[in-house]
Amino acid sequence: MDKPAEKLGRRWFPGLVGVLLIGAASWWAAIGPGGLGAGRGQSGVEECAIRISGSAVLASTVMPDLVSAFLEHSGYERVDPPRRTDGVIAVAAHRGAVSCTIEIVASTAVDGLRDLASGAARVALAGRPINDRDIARLAQAGAGDFDADRVLAEHVLAIDAG
């Protein structure tokens, strides 16, 4: 017989993964159409130091592979498998002499949104849609108008089929 937590996990995980990459639009705007580090041309420097913060489930299961694929698509070669230290997963890659490390912080959706609002993260992960309280907190912090820009700010990666 299924335990309640297992039932809940099977029911909610895939769709609760209505993963919201809140802030993905600002991340894309920051890196520009040419990809990470495009046109900067400095050798041996860290061209991107991006932090993604939020949902521990998403951060530890989905995001390392998504970040790796994003870096590869941007012309980077991953250095090693993602490193995991104290709730932070670091995905490092290089393109020639240019390096890039993206940190994924496994915490909660609320912490991820707080990190986004404070500027500590460029992307927040949540297993739920942003609500009016989140939108107000982000606006108050000067992080943007997530109500008006919701279609750019909120991205669903999966939906619960059950």
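Higher on the page you've got the structure.
Residues numbered from 1 in each chain as written. Predicted model: local features only at pLDDT ≥ 70, side-chain atom pairs only at ≥ 80, totals over all residues. Heavy atoms only, no water.

**A short note on the overall build of the protein chain**
- When you go through the protein chain residue by residue, the secondary structure sums to 7 helices and 6 strands.
- Starting at the N terminus and ending at the C terminus, the protein chain contains elements arranged as α-α-β-α-α-β-β-β-β-α-β-α-α.
- The buried share among the 162 residues of the protein chain stands at 37%.
- Summing over all exposed atoms, the protein chain offers an accessible surface of approximately 8,900 Å²; the carbon and sulfur share of this is 56%. (Helix = DSSP H or I, 4+ residues; strand = E, 2+ residues; numbered from the N terminus. Buried < 20%, exposed > 50% of the residue type's maximum accessible area, 1.4 Å probe, protein only. Areas by Shrake-Rupley, 256 points an atom, 1.4 Å probe, with all protein chains shown as cover.)

**Section: the state of the cysteines**
- Scanning all chains against the criterion turns up 1 disulfide.
- For Cys 48, the disulfide goes to Cys 100, at an S-S distance of 1.6 Å. Taking the torsion about the sulfur-sulfur bond, which here is approximately 105°, the covalent link between Cys 48 and Cys 100 counts as right-handed. Residue Cys 48 is found in strand S1 (residues 46–55), and its partner Cys 100 is found in strand S5 (residues 98–107); the two are separated by 52 residues along the sequence. (Disulfide = S-S within 2.5 Å.)

**Some thoughts on the side chain of Ser 107**
- Secondary-structure assignment places Ser 107 in strand S5.
- With a relative accessible area of 19%, Ser 107 lands in the buried category.

**What about the pattern of salt bridges?**
- Considering all chains together, one arrives at 4 salt bridges under this definition.
- Across the pair Arg 128 and Asp 134 runs a salt bridge whose closest N-O atoms are separated by 2.6 Å.
- Here Arg 137 and Asp 134 are joined by a salt bridge, their closest N and O atoms 3.9 Å apart. Here Arg 137 and its partner Asp 134 are both found in helix H6 (residues 132–140), 3 residues apart, which amounts to about one turn of the helix.
- The exposure class assigned to Asp 134 is buried, which follows from its relative accessible area of 4%.
- Salt bridges linked by common partners bring Arg 128, Asp 134 and Arg 137 together as one network. (Salt bridge = Lys/Arg side-chain N within 4 Å of Asp/Glu carboxyl O.)

Keep in mind these numbers describe shape, not what the thing actually does.
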